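Commentary on secondary and tertiary structure
Spelled out from the first residue to the last, the chains are:
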Amino acid sequence: MNLEMFLKMQNELLLVGLLLAVLIGEIITSQKSKVKLINVTIIGFALVTLIGFIYQPTQGSIFGGMFRTNALIQLLKNGLNVGVLIILMQSAGWLKESLVPQKKSAEFFMLMFSSVIGLNFMISSGDFLMFYVALELSTLPVAALASYNAYKRQSAEAGIKLILSATLASGLALFGISFLYGATGALYFDDMANLLQMSNLTILGLVFFFAGLSFKVSLVPFHFWTADVYEGSPINVTSYLSVISKGAAVFIMMFILFNVFKAFTSIWQPMLYGVAIATMFVGNLFALRQQNLKRFLAFSSVAQAGFMLLGILNGGVLGATSVVYFVLVYMFSNLGAFGVVQAISHKTGKENMKDYEGLYRTNPLLSLIMMLGLFSLAGIPPVAGFFGKFFLFTAAAGKGYYILVFIAVVNATISLYYYLKVIRAMFLRVSDNPIPYFKNDIFMKLGLASAAAGILVLGLYSPLFEYVQSISNLIFN
Amino acid sequence: MISGISIYHILTLTTILFFIGVYGFITRKNLIAILISIELILNASAINFVIFNTYLYPDMLQGVYYSIFIVAIAAAESALAVSIIVSFYRMLASVDVKDTETLKY
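Conventions and cut-offs
- Residues numbered from 1 in each chain as written.
- Chains lettered and ligands numbered in written order.
- Predicted model: local features only at pLDDT ≥ 70, side-chain atom pairs only at ≥ 80, totals over all residues.
- Heavy atoms only, no water.
- Helix = DSSP H or I, 4+ residues; strand = E, 2+ residues; numbered from the N terminus.
- Rg over C-alpha atoms; globule rule 2.2 N^0.38 Å.
- Contact = heavy atoms within 4.5 Å.
- Areas by Shrake-Rupley, 256 points an atom, 1.4 Å probe, with all protein chains shown as cover.
- Lys, Arg positive; Asp, Glu negative; His and termini not counted.
- Charge placed at Lys NZ, Arg CZ, Asp CG, Glu CD.
- Buried < 20%, exposed > 50% of the residue type's maximum accessible area, 1.4 Å probe, protein only.
- Salt bridge = Lys/Arg side-chain N within 4 Å of Asp/Glu carboxyl O.
- Buried area = accessible area lost by both parts, 1.4 Å probe.
- Polar contact = N/O pair within 3.5 Å; in protein donor to acceptor, adjacent residues only side chain to side chain.
- Nonpolar A, V, L, I, M, F, W, Y, C, P; charged D, E, K, R; others polar.
- pLDDT = per-residue confidence, 0-100.
- Phe/Tyr/Trp six-rings, centres within 6.5 Å; stacked < 30°, edge-to-face > 60°.
- Lys NZ or Arg CZ within 6 Å of the ring centre and 35° of its normal.
- Axes fitted to C-alpha atoms, helices over the stretch in contact; angles between N-to-C directions.
- Parallel < 35°, antiparallel > 145°, perpendicular 65-115°, else oblique.
- Patch = residues over 30% accessible without salt bridge, like charges linked within 9 Å, V, L, I, M, F, W, Y side chains within 5 Å.

Our focus in this paragraph is the overall build of chain A. If you tally the helices and strands in chain A, you get 20 helices and two strands. Whereas a compact globule of 477 residues would reach a radius of gyration of roughly 23 Å, chain A reaches 21 Å, a difference of no more than 12%. Principal-axis analysis of the C-alpha atoms gives chain A an extent of 65 × 55 × 45 Å. Taking the intrachain contacts of chain A between residues at least 6 apart in sequence as the baseline, contacts between residues at least 24 apart amount to 82%. With an accessible surface of roughly 16,000 Å², chain A has 69% of that area assigned to carbon and sulfur atoms. Between the centroid of the 29 positive side chains of chain A and the centroid of its 18 negative side chains there is a distance of 7 Å.

This is the structure in structure tokens:
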């Protein structure tokens, strides 16, 4: 094992280095310069993201196949890094004003980075042991982050709900993995794919494993924690949960279903079919009646996870392309919407749809970015979300799931209604007591601008989709 | 390998243990009791790994190692969960599930 092989883990190593640097910085800086430490950390994370784009690690696997990497995995890691960077920029103001006085600003970064390291290892895992450890590493710090507002009852409640459902989920997944191990005697994905035979035991294992992973993706009927945790947590943690951890979990779910359970396609396709319909309907119908915007976006993200299943159902290269592209699109759209909610909540503490009435007259730029994000989530043509959904529907229709595509289109229409409700409140309604005009700090501006740029670029610039398409056959390796 | 006890006995035991855990998770009214139920689920899986390894694949050690990882991570999980529950207890002086119902529907 030489240095070159270690560099296949460059993302993880850089993040570990940054985490240790933050730890040392926290010890050696005085209380007065903690604000500077936040700026330095965000710039450091931006450098890590940049290095990920410049140096592509060579394709291959290390640790006997437990860790593998290729261009597709690296693309997703870079995408997740960009998403985390946007979240950090959007939360800089909150960190400086709320957490520095409580002396908890550096811990926020450490927990966030260790969760990102866990996600990176999870995407790269080639073995169920690595997968399990990485899954836990990515979930546990987020539970601590969800209960970060230590003096707020809702935040503690969100933390309790997240940690209890996450541990139940990992327990279910483990029980499933133990059956699969019993049936094959292997833990590596490749060995298991060759050895798995169709039997009641392995099907039970598949179902348990799928249930465990579905908690993380928040598919119906495993979505009950989603809305509560999203509402109670600090908003940047909510956007992290809904975008970064969900995107990574969808990817690894797709990888395992495509590769390890290749022989079980006739089992998991009907399963996903039912779950996709239930997820879309429950997510959309519950989103209709929400007034709190965090809760509203939580149910909208449940519904979006249902749309992602359409791409997984395809079971081929086209499905992988559409899911990876949609994850990237969804990331930027959701971060745009969450960023605006965060900016307004941080300055005024208001989170309800009613408070947004007349926002366009006082804060036109914020409401335009919110509109862009919501249009992209709803799938209105010029922005990226339309193309993401279009490719997902194409992937499902390519395998002959016409009824499912029809149901998905019906759901896209329902979702358009509630996204437009927010836009109507912002643009058409007038209010006696609108949110007053306020100025955002530079990091928040950058975060919102890059989310908006991402939505437009991914929608209007087709080479990115072609790049995803050219490398997405790497999902089968 | 334990003489006189077949793999079916032990698998029955772990399955019962697992479902006791799931039942407890759903029905218990106390957060700590829910945490204990989750430990039951994790321990059932850990025993499963060890048993499959010893009975079916005695020449390898993967299952045993996996169970060690499960034990270590379960400890981390329960430490974190207890610390969150303690911070909740400081606010409300209660560890009841019915007090975690402000976020609903």
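There's plenty left to go through after this.
As a further point, take the overall build of chain B. Of the regular secondary structure elements, chain B holds three helices and zero strands. Secondary structure elements in chain B, listed N-terminal to C-terminal, are α-α-α. The C-alpha atoms of chain B give a radius of gyration of 17 Å, which is well past the 13 Å a tight globule of 105 residues would have. Overall, the C-alpha framework of chain B stretches about 50 × 25 × 25 Å when taken along its three principal axes. A total of 105 residues make up chain B; the buried ones form 42% of that total. Carbon together with sulfur atoms contributes 71% to the accessible area of chain B, which is approximately 5,700 Å² in total. Charge separation in chain B, taken as the distance between the mean sites of 5 positive and 6 negative side-chain charges, equals 13 Å.

Next up on the list: the environment of Gly358 of chain A. Residues and elements named next belong to chain A. With respect to the helices and strands, Gly358 occurs in the loop between helix H14 (317–348) and helix H15 (359–362). The class of Gly358 is buried, set by a relative accessible area of 5%. Between the C-alpha atoms of Gly358 and Pro434, which are 76 residues apart in sequence, the distance is 5.7 Å. Ignoring sequence-local partners within four residues, the contact set of Gly358 consists of Ala425, Met426, Arg429 and Pro434.

Looking now at the pattern of salt bridges. Residue and element names in this part refer to chain A. Taken as a whole, this structure holds eight salt bridges over all chains when the rule is applied. One salt bridge connects Glu157 with Lys161, and the closest N-O pair in it is separated by 3.2 Å. With a gap of four residues between them, Glu157 and Lys161 both fall in helix H7 (residues 153–184), about one helical turn apart. You can call Lys161 buried: its relative accessible area is 17%. Here Arg295 makes a salt bridge to Asp228, at a shortest N to O gap of 3.1 Å. On the criterion of sequence distance, the pair formed by Arg295 in helix H13 (residues 293–314) and Asp228 in helix H10 (residues 224–232) is long-range, its members being 67 residues apart. For Asp228, a relative accessible area of 10% gives the class buried. Beyond isolated ion pairs, a larger network of salt bridges with shared partners links Glu157, Lys161, Asp228, Glu231 and Arg295.

Bringing the interface of chain B and chain A into the picture now. The interface is formed by 43 residues belonging to chain B together with 46 residues belonging to chain A. Summed over both sides, the interface between chain B and chain A buries roughly 3,800 Å², with carbon and sulfur atoms accounting for 74% of that surface. Considering only the surface of chain B that becomes buried against chain A, Tyr66, Ile84 and Leu103 of chain B emerge as the three largest contributors, covering 19% of it. Inspection of the chain B/chain A interface yields zero salt bridges. Between the two partners, chain B and chain A, sit nine residue pairs in polar contact (both at pLDDT 80 or more). When contributions to the side of chain B that touches chain A are tallied by element, the ones reaching two or more residues are helix H1 (7–27), helix H2 (31–56) and helix H3 (62–92) of chain B. Looking at the side of chain B that touches chain A element by element, the count peaks at 16 residues for H3 of chain B. Taken together, the residues of the side of chain B that touches chain A break down into 29 nonpolar, 10 polar and four charged.

The next subject is H10 of chain A. Residues and elements named next belong to chain A. Within H10, eight of the nine residues are buried, which leaves it mostly tucked inside the rest of the structure. Along H10, the residues classified as buried are Trp225, Thr226, Ala227, Asp228, Val229, Tyr230, Glu231 and Gly232. Where the residues of H10 are buried, they touch H7, helix H9 (200–217), helix H11 (235–259) and H13.

This part covers the confidence of the model for chain B. When pLDDT is averaged along chain B, the result is 91; 99% of the residues meet or exceed 70. Model confidence for the complex: the whole-complex pTM is 0.94, and ipTM, which rates the interface, is 0.95.

What follows deals with the packing of aromatic side chains. Residues and elements named next belong to chain A. The tally for this structure, following the rule as stated, stands at 41 aromatic pairs over all chains. Each ring, one from Phe296 and one from Tyr418, has its centre 5.4 Å from the other, and the planes form 85 degrees; the classification is edge-to-face. Of this pair, Phe296 sits in helix H13 while Tyr418 sits in helix H18 (residues 402–427), and the two are 122 residues apart along the sequence. With a relative accessible area of 0%, Tyr418 lands in the buried category. An angle of 65 degrees between the planes, with centres 5.7 Å apart, marks the rings of Phe390 and Phe391 as edge-to-face. A relative accessible area of 43% places Phe390 in the partly exposed class. By way of ring pairs, the aromatic residues Phe128, Phe131, Phe189, Phe209, Phe255, Phe261 and Phe264 are connected into one cluster. For Arg68, the ring lying beneath its charged end belongs to Phe255, and the centroid distance is 3.8 Å. Between Lys389 and the ring centre of Phe307, over which it is positioned, the NZ or CZ distance is 4.7 Å.

A few words on the packing of helix H6 (residues 128–146) of chain A against H3 of chain B. Axis separation between H6 of chain A and H3 of chain B bottoms out at 11 Å; the angle between their running directions is 5 degrees. Looking at the two axes, H6 of chain A sits roughly parallel to H3 of chain B. Across the interface between the two elements, Phe128, Leu129, Tyr132, Val133, Glu136, Leu140, Ala143 and Ala144 of chain A from H6 of chain A touch Tyr66, Phe69, Ile70, Ile73, Ala76, Glu77, Leu80 and Ile84 of chain B from H3 of chain B.

Residues and elements named next belong to chain A. Taken together, the side chains of Val16, Leu20, Leu23, Ile24, Ile27 and Ile28 define a hydrophobic patch exposed on the protein surface, amounting to about 580 Å² of accessible area. Here Ile27 shows up in helix H2 (residues 10–28). Of the residues examined, Ile27 reaches a relative accessible area of 65% and is grouped as exposed.

Right, let's talk about the environment of Gly65 of chain A for a bit. Residues and elements named next belong to chain A. Mapped onto the fold, Gly65 is located in the loop between strand E1 (60–62) and strand E2 (67–69). The spatial distance from the C-alpha of Gly65 to the C-alpha of Gly52 is 22 Å, given a sequence separation of 13 residues. Not counting the four nearest positions on each side in its chain, Gly65 is found in contact with Gly126 and Tyr188.

So, about the side chain of Lys421 of chain A. Residue position: Lys421 of chain A is located in helix H18. In this view, Lys421 of chain A contacts Leu288 and Met353 of chain A; residues no more than four positions away in its chain are not counted.

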